[in-house]
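Summary of the model geometry
Residues per chain, in single letters:
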Amino acid sequence: QVQLVESGGGLVQAGGSLRLSCAASGRTFSSYAMGWFRQAPGKEREIVAAIRSSSTYYTDSVKGRFTISRDNAKNTVYLQMNSLKPEDTAVYYCATEATFRWGPVPRTSYEYDYWGQGTQVTVSS
C-alpha cells in the first residue's frame, strides 16, 4: 500500500526558510511524478511544485523561492522554501500518481492519486 508522510512544517517568520520532506513507501517512486500542493483556509487546493525525473514545475508565486528535489534512494521528495511570505501559510500536501504517464509534469490535483496527510506551514508577518 502506497503511503506518503510529510514532515518539516512549522511556524516561521516572514523571510525565513523551511524544508518539507515527503517520505514514500509501498513501491519504488523514481519513475513517478511527485507534487507538492497547498491549501489555505477558505481556498482551493493548489499546485506548488512538481517533479518527474529531472523535469520540474513551479507555480508562478513560488518561482525563485521554492525548490523541489527528490532522493530516489530514500524514496523522499523535498520542498525547500526560502523567503517565505505570510501568503504561503497553508497546509502542504505531497502527492504521487498511481500510473506512470508520459507527457508534461502533472500539475493538477486530479492527476495525482495518492496523498499524504499534510503538514501545516504558518508564516508570521
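This one's a predicted model, so the numbers in the text were calculated from it and none came from an experiment. (Residues numbered from 1 in each chain as written. Predicted model: local features only at pLDDT ≥ 70, side-chain atom pairs only at ≥ 80, totals over all residues. Heavy atoms only, no water.)

1. A short note on the nonpolar core
- Grouped together as the largest cluster of nonpolar side chains are 27 residues, with contacts concentrated most on Trp36, Leu79, Met81 and Tyr92.
- Sorting the residues of this core by element identifies strand S3 (18–25), strand S4 (34–39), strand S5 (46–52), strand S7 (66–71), strand S8 (76–81), strand S9 (90–96) and strand S11 (119–124) as the ones contributing at least two each.
- Looking at this core element by element, the count peaks at four residues for S3.
- Not counting residues up to four positions away in its chain, the partners in contact with leucine 79 are Leu18, Arg19, Leu20, Trp36, Val48, Ala49, Phe66, Thr67, Ile68 and Tyr92.
- Counting residues in hydrophobic clusters, the runner-up holds eight residues, among them Ile47, Ala50, Ala95 and Tyr112. (Core = buried A, V, L, I, M, F, W, Y, C linked by side-chain atoms within 4.5 Å. Buried < 20%, exposed > 50% of the residue type's maximum accessible area, 1.4 Å probe, protein only. Helix = DSSP H or I, 4+ residues; strand = E, 2+ residues; numbered from the N terminus. Contact = heavy atoms within 4.5 Å.)

2. Brief notes about the layout of surface pockets
- By volume, the largest pocket is sized at about 190 Å³.
- In terms of lining, the largest pocket is formed by 13 residues, of which the most central are Arg38, Lys43, Glu46, Glu87 and Asp88.
- Along the lines of polarity and charge, the residues of the lining of the largest pocket split into two nonpolar, three polar and eight charged. (1 Å grid on protein atoms, 1.4 Å probe; cavity = no way out; pocket = protein on both sides within 12 Å on 5 of 7 lines; lining within 4 Å. Points joined across faces, edges and corners; volume = space filled by probe spheres on them. Nonpolar A, V, L, I, M, F, W, Y, C, P; charged D, E, K, R; others polar.)

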